[in-house]
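Architecture and fold: a report
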Amino acid sequence: MNNAVNNEVPGGIWSGTWVAERLGVELLGDETLTDLLGLALRRNPKRAHLLVSHVLGKHVPQSPSVVYGHGLALGRRVRDLLGAEEAARAVVLGYAETATGLGHSVADGVGLAPYLHSTRRPVPGVATAGGFEESHSHATSHLLLPEDPALLVGNGPLVLVDDEFSTGNTVLNTIRDLHDRYPRSRYVVVALVDMRSEADAGRLDEFAREIGARVDLVAAASGTVSLPAGVLERGQALVAEYEGAPGARGTARQAPTGPQPTHNATRVDLHWPPGLPDGGRHGFTPQHRIRLDNALPAMAARLAEALPATARRVHVLGFEELMYAPLRLARELEQITDAEVRYSTTTRSPVLAVDDPGYAIRTRIAFPAHDNPADGPGERYAYNIADAGFDAIVAVIDSTADTAELHAPDGLLAQLHAHTPQVLLTVVPSYVPEPLYVPERPPMLPEPLRGPAFSSYAPEDVGWLLQDLSDVTLEAPTEEREEAIQSGGAHYAESLPVEYQPSEQYQRLFHTALAGSAARLAQAVGAVTEIVLAERSPRPVLVSLARAGTPVGVLMRRWAQFRHGLDLPHYAVSIVRGRGIDANALRWLAAHHDPADVVFVDGWTGKGAITRELADAVKEFEESDGITGFDPEIAVLADPGSCVKTYGTREDFLIPSACLNSTVSGLISRTVLRADLVGPNDFHGAKFYRELAGADVSVEFIDAVAATFPEVVDAVDAQTKELLSSDRDPTWEGWAAVERISEEYGIHDVNLVKPGVGETTRVLLRRVPWKILARAGAGADLDHVRLLAEQRGVPVEEVDELPYTCVGLIHPKYTRGATGADGKAVNV
């Protein structure tokens, strides 16, 4: 038998034909149903037939890319259905055992959603957060055991994932149980196939009305199963007839004959990351997925090295609920080897095996359970693997299942050895949550980092409320970061762009721009500082938003010294779009200063996203910590977006510090917020690029602007007087313009529209630019933008009546390698 591993059978015979002909069962609906499903007979008194998925990776070996791709696609459809804001609040719940890997993959497609799957394995010391019954299953009881008790709390959407949606009973049981405990307003049901009968189709809507919630359904295909009268009895009779018959291959548990080796499998140590969950039994967060993504290449390389050099067909076999980790390993292995890789998992489900090309389960390997199950010992199965011509089989199990039964003469490993010349065993540590421990008081926060140990600024110029991650590799190529960010697979603050190293031509342009704009910058610095002193506090504590705000904070501090003899404290803190300001930094500031004296400082406004982010974050901090007094109003050098009241100018002009990255910001990287690096009592992180000291112009920039302070005093006084007497209420013109541009250019995402000279420069330095819009007639302020655009092959389009000097558009339909406007990679 040569075709058990996929649906490509001689003559194109559908793998449900055998059952359909004998029982009169029909699949009705989408044309793709027979591509996705075959039919088999259950050894189960509750239901005769089994829909066997070709793309789930449970009973039928399949390419791991195909399996993972179907789950990702469903997850992306859910994200599109919910919208970005709701998707970011969602929780995904998968069903054991069959849909644990599918649910994981859907969560990956949704993006930032944490994932939990039900389990039939109780874990001592972990409280049950819920449970429900799956009435037609061979093993009915499901437990929910999240490590974080708050995982299921909240009103964000709950996404429930199963392989098939038939009667709807399981979903209704789940929602009923969870809605009583954790009521919410929206649910999304996801399945590979929607196979409800006409009678069942309306039950979901009726139930939604009953509980007062919205329930949506997302499925890859839909249809129904037509079952003739008496099908259960006739199916049981067929099972009895064929069980043990010559055509039912592998129906008996067979121990290999002859002398057996002492070790019946070659162990491969993956070096699984310490503390990383093996799956979603207790919850799996986006931060966990990032750790897994980072570790997968090295783990797959170890597997590949252990495979026989002659292996051309390799099977990766997961274990019951442990589907996702083996799937991701198999998919990574598929990318790095020339061998054909297939994937499936063992199962509790008893199914008749018949060696017929029109039947979905061609062979069955039976072996004893090997994880000491709570419901007692029993038989377990691996389908369509026997005699399938695999050169090697990689068994991936968790440490709980690495027992004597696994290695017994009739155990799984010995059974696999009868059908392949090489068996590899890799054991993933079974994750068991630590008991919750809340310390009596949080540890003391450290003192600010200062130069020259951290940054090239003088120690009195700024104290960084950050932790030093200089020894951690965080940089990723721009294209890979953009792909991860736009796909929802990662947040921009979880990695760093590779630092742009300016060419000699670009450095000359920076120095020319600095010489030409130093006095203009000094005037804006003086004006915004005077407004702060007049309106906000006579002794302000400057807190710049790292890192673009930090050079401005240093300059404001210098102006206060020059004009008033004040020695103002200045700190730099991290704020991350979508995650808020560093709450530990706020706690440190509140412990050392009056929050009412704190003035947040940034370089410029674009569309005002950070302005809104800071306001929301301060409000959330007040509610969580009970500390009040912080004013979220930001003081900026330039406010072209009309987003704030405290500014030096609303002109959109070149601020030379926007031209460069760390080399004009004290050699400090962008800030980093990643769960495996930043704990609950840590400041956000950043790197100090000491190795770039030769290119550093941070102090030179400050000194050049400060040198012009004496010549702009009169202009600053006049400008300050005019600003203090004028209406400076924000109009949010910039936000409106960004929304208009987003729609006019078919982007439909304001986050990909970066307005103003500073933000446009950032797009060219750190992101994947699509095109640049420049105000017609803009002069030298855009020389550096035009140069960067030329280097990256990005078109500059002149636009009349543009509210900003320029606007940068990030590539809206990003694919790996898309750098220029035409989607082709170019060299920077």
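Our subject is the structure that appears above.
Nothing here was measured: the structure is a model prediction, and the numbers come from that model.

Here's the deal with the overall build of the protein chain
- Along the backbone of the protein chain there are 23 helices and 33 strands.
- Within the span of the protein chain, comprising 828 residues, buried residues form 58% of the whole.
- Within the protein chain, residue pairs in contact and separated by at least 24 positions form 77% of the contacts whose partners lie at least 6 positions apart.
- Just so you have it, the protein chain exposes about 31,800 Å², and 50% of that area is on carbon and sulfur atoms.

Here's the deal with the packing of helix α16 (residues 549-564) against helix α19 (residues 698-706)
- Where α16 contacts α19, the two axes come as close as 10 Å, and the packing angle between them is 40 degrees. When the interaxial angle is binned, α16 and α19 end up oblique. Crossing of α16 against α19: the hand is right-handed. Note on element contacts: α19 touches α16 through Phe 701, Ile 702, Asp 703, Val 705 and Ala 706, opposite Pro 551, Val 554, Leu 555 and Arg 558.
- For the contact of α16 with α19, a count of residues per class yields seven nonpolar, no polar and two charged.

Points about the packing of aromatic side chains
- Using the criterion set out here, one finds 13 aromatic pairs in the structure.
- Residues Phe 454 and Trp 464 carry aromatic rings whose centres are separated by 6.1 Å and whose planes lie at 75 degrees to one another, so their mutual orientation is edge-to-face. With Phe 454 in the loop between β17 (423-428) and β18 (463-464) and Trp 464 in strand β18, the pair connects residues that are 10 residues apart, well separated along the chain. A single burial state applies to Phe 454 and to Trp 464, both of which are buried.
- Counting every residue linked through ring pairs, the aromatic cluster contains Phe 454, Tyr 457, Trp 464 and Phe 688.
- Lying over the aromatic face of Trp 732, Arg 612 brings its terminal NZ or CZ to 4.5 Å of the ring centre.
- Just above the ring of Trp 770 sits the side chain of Lys 771; from NZ or CZ to the centre is 4.6 Å.

Considering the sheet that holds strand β30 (residues 753-755)
- Taken in spatial order, the four strands of this open sheet run β30-β33-β31-β32, and their pairing is mixed. Strands with a single pairing partner mark the edges of an open sheet, and in this sheet they are β30 and β32 (796-799). Strand-to-strand twist across the sheet, computed as the mean angle between neighbouring axes with direction ignored, equals 20 degrees.
- Sheet analysis places strand β31 (residues 769-775) next to strand β33 (residues 806-810), joined by five bridges and oriented antiparallel. Bridging from a neighbouring strand, Lys 771 pairs with Leu 809 of β33.
- Helix α21 (residues 733-744) contacts β30, β31 and β33 of the sheet and is inclined by roughly 140 degrees relative to β30.

Topic: the side chain of Thr 337
- Position of Thr 337 among the secondary structure elements: in the loop between α11 (324-336) and β13 (340-346).
- Overall, Thr 337 belongs to the buried group, its relative accessible area being 18%.
- From its side chain, Thr 337 meets the backbone oxygen of Leu 333 in a polar contact 3.0 Å long.

Overview of the pattern of salt bridges
- Throughout the structure, instances matching the rule amount to 37 salt bridges.
- For Arg 196, the salt bridge identified is with Asp 194, shortest N-O distance 3.0 Å. When sorted by exposure, Arg 196 lands in the same class as Asp 194, which is buried.
- Between Arg 364 and Glu 243 there is a salt bridge whose closest N-O contact spans 3.2 Å. Of this pair, Arg 364 sits in strand β14 (residues 364-368) while Glu 243 sits in the loop between α9 (231-242) and β11 (266-267), placing them 121 residues apart in sequence.
- With relative accessibility at 2%, the residue Arg 364 sits in the buried group.

Description of the sheet that holds strand β27 (residues 634-638)
- What the six strands build is an open sheet, ordered β18-β23-β22-β26-β27-β28; its pairing is parallel. Whereas interior strands pair on both sides, the edge strands pair on one side only; in this sheet they are β18 and β28 (646-649).
- Bridge count between strand β26 (residues 598-604) and β27: four bridges; the pairing is parallel. Counted as the bridge partner of Val 601 is Ala 635 from β27.
- Against the sheet, α16 touches β18, β22 (541-545), β23 (570-573), β26 and β27, its axis set at about 120 degrees to β26.
- Seen against the sheet, helix α18 (residues 609-625) touches β22, β26 and β27 and runs at an angle of roughly 165 degrees to β27.

Points about helix α17 (residues 583-592)
- Within α17 the residues assigned to the buried category are Asn 584, Ala 585, Leu 586, Trp 588 and Leu 589.
- Structurally, the start of α17 carries an N-cap: the backbone nitrogen of Asn 584 is 3.0 Å from a side-chain oxygen of Asp 582.

Details of the packing of helix α3 (residues 64-82) against helix α5 (residues 100-110)
- One can describe the packing of α3 onto α5 by two numbers: an axis separation of 6 Å at closest approach and a directional angle of 45 degrees. It follows that α3 is oblique to α5 by the angle criterion. You can see that α3 and α5 cross each other, and the crossing is right-handed. Contact residues: α3 offers Tyr 68, Gly 71, Leu 72, Leu 74, Gly 75, Arg 76, Val 78 and Arg 79, while α5 offers Leu 102, Ser 105, Val 106, Asp 108, Gly 109 and Val 110.
- Classifying every residue of the contact of α3 with α5 gives seven nonpolar, four polar and three charged.

Observations concerning unusual backbone geometry
- Omega for the bond connecting Ala 96 with Glu 97 falls within 30 degrees of zero, at -5 degrees, which places this linkage in the cis form.
- Checked against the element boundaries, Glu 97 lands in the loop between β4 (91-94) and α5.
- Here the amide bond leading from Ala 546 into Arg 547 is cis, since omega sits at 0 degrees, within 30 degrees of zero.
- Note on placement: Arg 547 falls in the loop between β22 and α16.
- Residue Asp 387 is not a glycine yet carries a positive backbone phi of 55 degrees.
- Of note, Asp 387 is situated in the loop between β15 (379-383) and β16 (392-398).
- You will see that Ser 642, though not glycine, has its phi angle at about 55 degrees, which is positive.
- Residue placement: Ser 642 occurs in the loop between β27 and β28.

Some remarks on the nonpolar core
- Ranked by size, the top nonpolar core spans 132 residues in total, and within it Leu 41, Val 92, Leu 152, Val 190, Tyr 359 and Leu 416 carry the most contacts.
- Per-element tally for this core: the top contributor is strand β9 (residues 186-194), with seven residues.
- Counting residues in each nonpolar core, the second largest holds 73 residues, with Leu 469, Val 532, Leu 667 and Ile 772 among its members.

Points about the environment of Glu 147
- Position of Glu 147 among the secondary structure elements: in the loop between β7 (141-144) and β8 (158-165).
- A distance of 2.9 Å separates polar atoms of two side chains, one belonging to Glu 147 and the other to Tyr 431.

Section: the side chain of Ser 118
- As for its placement among the helices and strands, Ser 118 is situated in the loop between β5 (115-117) and β6 (130-133).
- A polar side-chain atom of Ser 118 sits 2.9 Å from the main-chain amide nitrogen of Ala 96.

Description of the pairing of β14
- Burial within β14 is extensive, with five of its five residues counted as buried.
- Alternating residues of β14 divide into Arg 364, Ala 366 and Pro 368 and Ile 365 and Phe 367, and every residue in both groups is buried.
- Where β14 lies against β15, five bridges are found, and the strand directions are antiparallel. Directly across from Phe 367, in β15, lies its bridge partner Arg 380.

What about the environment of Tyr 187?
- Position of Tyr 187 among the secondary structure elements: in strand β9.
- Accessibility expressed as a relative area gives 0% for Tyr 187, which makes it buried.
- Ignoring sequence-local partners within four residues, the contact set of Tyr 187 consists of Leu 158, Leu 160, Ile 175, His 179, Tyr 182, Ile 211, Ala 213, Arg 214, Val 215 and Asp 216.
- Polar contacts involving the side chain of Tyr 187 include one to the side chain of His 179, which spans 2.6 Å.

Reading the values: rules and limits
Residues numbered from 1 in each chain as written. Predicted model: local features only at pLDDT ≥ 70, side-chain atom pairs only at ≥ 80, totals over all residues. Heavy atoms only, no water. Helix = DSSP H or I, 4+ residues; strand = E, 2+ residues; numbered from the N terminus. Buried < 20%, exposed > 50% of the residue type's maximum accessible area, 1.4 Å probe, protein only. Contact = heavy atoms within 4.5 Å. Areas by Shrake-Rupley, 256 points an atom, 1.4 Å probe, with all protein chains shown as cover. Axes fitted to C-alpha atoms, helices over the stretch in contact; angles between N-to-C directions. Parallel < 35°, antiparallel > 145°, perpendicular 65-115°, else oblique. Left-handed = near helix turned anticlockwise from the far one by under 90°. Nonpolar A, V, L, I, M, F, W, Y, C, P; charged D, E, K, R; others polar. Phe/Tyr/Trp six-rings, centres within 6.5 Å; stacked < 30°, edge-to-face > 60°. Lys NZ or Arg CZ within 6 Å of the ring centre and 35° of its normal. Pairing = 2+ DSSP bridges. Polar contact = N/O pair within 3.5 Å; in protein donor to acceptor, adjacent residues only side chain to side chain. Salt bridge = Lys/Arg side-chain N within 4 Å of Asp/Glu carboxyl O. Core = buried A, V, L, I, M, F, W, Y, C linked by side-chain atoms within 4.5 Å.

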